[in-house]
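Next come the chains, spelled out residue by residue.
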Amino acid sequence: MSQSSIESLKWLSDDQVRSFASEVQLPAFVYSEEAFRKQISSVLSFPVNDGYGFQARFAMKANPNASVLRIMLEMGVEIDAGSEYEVLRALRAGFRPSQIQLTAQQMALSFEKLFAMGVHFTACSLHQLEEFGKRSKERKDVGIRFNPGMGSGGCTKTDVGGAQSAFGIWHEKMDQVKEIVSKYGLNVKTVHTHIGSGSDPEVWKHVATMTLALAAQFPECDTVNLGGGYKVARMSDEVSTDLQKIGAPVKSLFEAFYKEHGRKLKLEIEPGSYYTVNSGVILAQVDDVIDTGDHGHKFIKLNVGMDSITRPSLYGAKHPIVIVSKEEGHKEETTTEYVVAGHCCESGDLFTQHPGGAIMPRRMRTAHIGDYAVISGAGAYCASMSTKNYNSFPEIGEYMLLPDGTLKMIRKPQTLEQILENEM
Ligand SMILES: *Cc1c(COP(=O)(O)O)cnc(C)c1O
């Protein structure tokens, strides 16, 4: 099966690609400040009931660059951190401890220090809840992440709810949760669920219903956090989540909860992808074009690979790839079906593959060695998640396209010295 429609650029023109390519060291990440702001505004207009309260957080693992975090901070978005190191990074970017919530798979080593500062804690297992009870002296307010028993990921590797997922406390363990809560006199202020990528309003309604049922069990609970996972289309044949559609039924469920329990719950959501996916691209170059004979395939080899963008090799994620001619004013009219490979010596380093690894040729403008290749949908889980330094390729630079049309370097390309720095 091959991709039928040919992808196009979203917020860049061919001329801009050529001009940026002459300004920066390729390959490089290029983010658009305007694209970030537009997505943040969309999250901030999530439909909520007047007087109930709403807080948007950013799951910063999607893109933790300080320049990205500062845009979030300036627009009133707070942080969901997935490790203590992310907490420290958010603090350095300028967030106050009270603006940061830690929802982590691994218990923080510097636990006491972080919580004494005022960082919010979401217990993600019975063990974490027990540890919080034992070790947190002054603070008794805690959030609990539950696994509500269902998920909605794009594939098993992105599904973060249901019986196959290790995230959160299984919803049927309420008795054990309550035992720990009463043993240490904890106040469960926030009930949290995060079930993975989805765009179906019915699924969100169902999850909100289950989460509210959990919140009803804790009389002191004043906040419900529905996590992130709002799917954003990267490819032209994918569907993006409409937050207004997702939010409308959730809004009425909160109202019904108030009528029944007399509590106006504050809603929190914490997308990562939604703010960032289409706010970033990788500007790369065609390093080679080869073929495997009459019955084989045509291949493009890029000067970037899984060491900068791991998602395709990890779970067959699809990213639009647009070829831009290196010749000024030239737009390639012919198209060719290609398998696109990364530059790592690893057969899985392919940009055009099915989740299981089978190749999936894709039609795009005919490419010549030296042409530019723009990989879109690279603003989330790319710079932050990679098989970094494989083949000893240095980490590539990151740039922000400012509203005035200029590029600002926000992370330098790594040097060989930096790769070797800690080696003895
Ligand atoms: C990763 C994560 C998110 C964000 O997920 P997206 O799919 O990027 O929106 C939100 N909450 C938690 C707890 C996460 O781990």
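In what follows, the accompanying structure is described. The structure displayed is predicted, hence computed values, not measured ones.

The rules behind these values
- Residues numbered from 1 in each chain as written.
- Predicted model: local features only at pLDDT ≥ 70, side-chain atom pairs only at ≥ 80, totals over all residues.
- Heavy atoms only, no water.
- Helix = DSSP H or I, 4+ residues; strand = E, 2+ residues; numbered from the N terminus.
- Rg over C-alpha atoms; globule rule 2.2 N^0.38 Å.
- Buried < 20%, exposed > 50% of the residue type's maximum accessible area, 1.4 Å probe, protein only.
- Contact = heavy atoms within 4.5 Å.
- Areas by Shrake-Rupley, 256 points an atom, 1.4 Å probe, with all protein chains shown as cover.
- Lys, Arg positive; Asp, Glu negative; His and termini not counted.
- Charge placed at Lys NZ, Arg CZ, Asp CG, Glu CD.
- Phe/Tyr/Trp six-rings, centres within 6.5 Å; stacked < 30°, edge-to-face > 60°.
- Pairing = 2+ DSSP bridges.

1. Some details on the overall build of the protein
Within the protein one finds twelve helices and 18 strands. Taken over the C-alpha trace, the protein has a radius of gyration of 23 Å; the compact-globule value for 424 residues is 22 Å, and the two agree within 12%. Its C-alpha atoms give the protein principal-axis dimensions of about 70 × 50 × 40 Å. Relative to its full complement of 424 residues, the protein shows a buried share of 53%. In the protein, 71% of the contacts between residues at least 6 apart in sequence involve partners at least 24 apart. Only carbon and sulfur atoms are counted for the fraction: they give 50% of the accessible area of the protein, which is about 18600 Å². Put simply, the protein has 44 plus and 51 minus side-chain charges, and the middle of one group is 5 Å from the middle of the other.

2. Some points on the packing of aromatic side chains
Evaluation of the coordinates by the stated rule reveals 14 aromatic pairs. Pairing tyrosine 52 with tyrosine 258 gives two aromatic rings, centres 6.2 Å apart and planes at 75 degrees, and the pair type is edge-to-face. Here the residue tyrosine 52 occupies a position in the loop between helix 2 (33–44) and strand 2 (54–59), and tyrosine 258 occupies one in helix 9 (residues 243–261), the gap between them amounting to 206 residues. We classify tyrosine 52 as buried; its relative accessible area is 10%.

3. Description of the pairing of strand 18 (residues 407–411)
The two faces of the sheet receive side chains in turn, since in a regular strand these alternate between them. Of the pairings in the sheet, the one linking strand 17 (residues 397–401) to strand 18 comprises four bridges and is antiparallel in character. Note that in strand 18 the partner of glutamate 398 across the bridge is arginine 411. The hairpin turn running from strand 17 into strand 18, its antiparallel successor, is five residues long, and glycine 405 in that turn takes a positive phi close to 90 degrees.

4. Quick word on the environment of glycine 316
Note that glycine 316 resides in the loop between helix 11 (311–315) and strand 13 (321–324). Considering only alpha carbons, one finds glycine 316 and methionine 400, 84 residues apart in sequence, at a separation of 27 Å. If near-sequence neighbours (up to four positions away) are discounted, glycine 316 is found in contact with Arg311, Gln353, His354 and Pro355.

That's the geometry; what it means functionally is another story.
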